[in-house]
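# Coordinate inspection notes
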There are 2 protein chains.
Amino acid sequence: MSRNYAGLSRERIIVEALHIIAGRGLGGLSMRRLGDALDVEAMAIYHHFPKGKEQLFNAIAAYVTTARVVSGLTEGQGPPGDGDGEGEEATGAHPVAVAGADDLPWDRRLTLWAEAYRERLLAYSGALSLLMHRAPHTVGEEDTRALLHAAFTEAGLSEDDVPRACDTLNAYCLGSVAHQVRHEGREDAVDAAEALAGFRFGLRALLTGLSG
Amino acid sequence: MSRNYAGLSRERIIVEALHIIAGRGLGGLSMRRLGDALDVEAMAIYHHFPKGKEQLFNAIAAYVTTARVVSGLTEGQGPPGDGDGEGEEATGAHPVAVAGADDLPWDRRLTLWAEAYRERLLAYSGALSLLMHRAPHTVGEEDTRALLHAAFTEAGLSEDDVPRACDTLNAYCLGSVAHQVRHEGREDAVDAAEALAGFRFGLRALLTGLSG
DNA sequence: ACCTGAACACCGTTCAAGT
DNA sequence: ACCTGAACACCGTTCAAGT
């Protein structure tokens, strides 16, 4: 049966995979189920991700790390690469939400970036454990590093401490979302508003401590 | 063939599972492979974890969160429960490394706890993504909360801010290890010494900012 | 109580084949 | 180039059976 013959692309595959992950969890994502959702035989996916599920996972990690939120809708940015470190790289700018905010003071810029990053991680929280063991290179990554580096330099940190401060801020954002997701469904879980308030509280403390 | 007939226990299963995870990654852990490693038919595991792999994962998460380091050797503490919120709970004290340090100043106590927690997470980094979506209740958890709560109260935080500070510190520790593991194998990865230095740098900043 | 062994539905992946 | 369909080795889990 020549059922389907068009429409498949890396981006469509990734987006559909994220739908499945959001609905049934990471463990609920199988190549066969993904094929069904795309109205295609599972094996068709291998034409776009020749190295299979591992490559798809890397691409999803790159996509999550690189996607941006536009007027309430989450969408990707250009054709994401597979991010498996073998020649391709993902497209898309990491910290889009801070565009055009160059004249704000350093701590304000970092706060905007951190809150945007947190929101993105939260939007794809089902894929969070994918980020645990993968840090695929994306082109937006460079922009992020530049942004953070400039801000922390402006804050007066020494050359040695700037990269450490960048790592610290990244770690806090990732860890905060992980901590929140981890406690979802427990009886001591906090609601979304308090989670955001808690994140801001810690972020403010962190930036205060880093600049001292 | 009545090959094997003794020795299986929840703890032995978990420890062996962690061996496999350390060697072949989380994806390399299968019930059949775990059975082989335990010299037992895979189905024997279901007698100790009747709800299957998901329950085993919960137990591993509880174990990792609850294990302690004794004179260089990492070992579990008593028979860990399955942590799936259906009546059982894990044994073991969370923050053992800080035992007998009650007379130190609050920031010293928190630093000791954080460094011990980080070390434990790092020792079981292969199971890190298991902690992403699971926060099983352990008995040691209560002790940890008490320890952190007392320290942050002593630091002068308001009643509203103390739990937020606890969450922040937890998030930072988890995120820091995740961030490090995530970048392992990348060309911009730092070595173990610098990773520790970076962790301490961020921790100091965090505690400074929280007490301000 | 503790473990085995066969069975079932599902999985990732390869490969030859279709258009 | 893009997709199908059959095949293979593996997986989680159930269930009846052994001791």
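You'll find the structure just up there.
Report follows, based on the coordinates. (Residues numbered from 1 in each chain as written. Chains lettered and ligands numbered in written order. Predicted model: local features only at pLDDT ≥ 70, side-chain atom pairs only at ≥ 80, totals over all residues. Heavy atoms only, no water.)

### Here's the deal with the packing of aromatic side chains
All names here are of chain A. Inclusion rule: Between 30 and 60 degrees the pair is tilted, below 30 it is stacked and above 60 it is edge-to-face, where a pair is any two Phe, Tyr or Trp rings, Trp via its six-membered ring, whose centres lie within 6.5 Å. Only DSSP runs of H or I with at least four residues qualify as helices, and only runs of E with at least two residues qualify as strands; both kinds are numbered from the N terminus onward. Relative accessibility under 20% of the residue-type maximum defines a buried residue, over 50% an exposed one, and the middle range a partly exposed one, all with a 1.4 Å probe and only protein chains included. The criterion for a charge sitting over a ring is simple: Lys NZ or Arg CZ within 6 Å of the ring centre, and within 35 degrees of the ring normal.
In this structure the tally under the stated criterion is six aromatic pairs over all chains. Both rings, one in W113 and one in Y117, keep their centres 5.1 Å apart while their planes meet at 25°; by these two values the pair is stacked. With W113 and Y117 both in helix α5 (residues 106-123) and four residues apart, the pair spans about one turn of that helix. Judged by its relative accessible area of 3%, Y117 falls in the buried class. The side chain of R118 reaches across the aromatic face of F199, ending 5.2 Å from its centre.

### Thoughts on the interface of chain B and chain A
In plain terms, the rule: Working rule for contacts: check all heavy atoms of both residues, and any pair within 4.5 Å makes them a contact. Note on definitions: buried area is the accessible-area loss of two parts on being combined, 1.4 Å probe, summed for both. The term salt bridge refers to a side-chain nitrogen of Lys or Arg lying within 4 Å of a carboxyl oxygen of Asp or Glu. Pairs of N or O atoms within 3.5 Å make up the polar contacts considered here, provided that, within protein, one atom can donate a hydrogen while the other can accept it, and that residues adjacent in sequence are counted only when both atoms are side-chain atoms.
Between chain B and chain A, the residue contacts involve 43 residues of the former and 43 residues of the latter. Of the roughly 3500 Å² buried between chain B and chain A on both sides combined, carbon and sulfur atoms contribute 62%. Among the residues chain B hides against chain A, the three largest losses belong to M132, R182 and F201 of chain B. Together they make up 21% of the total. The tally of links between chain B and chain A comes to four salt bridges. For R164 of chain A, the salt bridge is made with E194 of chain B, and the minimal N-O distance between the two is 2.9 Å. Scanning the region where chain B abuts chain A turns up 14 residue pairs in polar contact (both at pLDDT 80 or more). Broken down by secondary-structure element, the contributors of at least two residues to the side of chain B that touches chain A are α7 (161-182) and α8 (192-211) of chain B.

### Focus on the environment of A114 of chain A
Residue and element names in this part refer to chain A. Position of A114 among the secondary structure elements: in helix α5. Relative accessible area serves as the criterion here: at 0%, A114 is assigned to the buried category. The spatial distance from the C-alpha of A114 to the C-alpha of A151 is 12 Å, given a sequence separation of 37 residues. Once residues lying within four places of it in the same chain are set aside, the contact partners of A114 are L169, C173, F199 and L203.

### Details of the layout of surface pockets
Operational definition: Two kinds of site are reported from a 1 Å grid over the protein atoms alone, namely cavities, where a 1.4 Å probe fits but cannot get out, and pockets, open sets with protein on both sides within 12 Å along at least five of seven lines, and residues are called lining when an atom falls within 4 Å of a point. Grid points are joined across faces, edges and corners, and a volume is the space filled by probe spheres set on the points. Residues are grouped as follows: Ala, Val, Leu, Ile, Met, Phe, Trp, Tyr, Cys and Pro are nonpolar; Asp, Glu, Lys and Arg are charged; every other residue, Gly included, is polar.
Quantified by volume, the largest pocket comes out at close to 1200 Å³. L26, G27, G126, S129 and L130 of chain A are, among the 40 residues lining the largest pocket, the residues nearest its centre. Those elements giving two or more residues to the lining of the largest pocket turn out to be α1 (10-24) and α4 (53-66) of chain A together with α1 (10-24) and α4 (53-66) of chain B. Of the residues forming the lining of the largest pocket, the biggest block, seven residues, is contributed by α1 of chain A. Partitioning the lining of the largest pocket into residue classes produces 17 nonpolar, 16 polar and seven charged.

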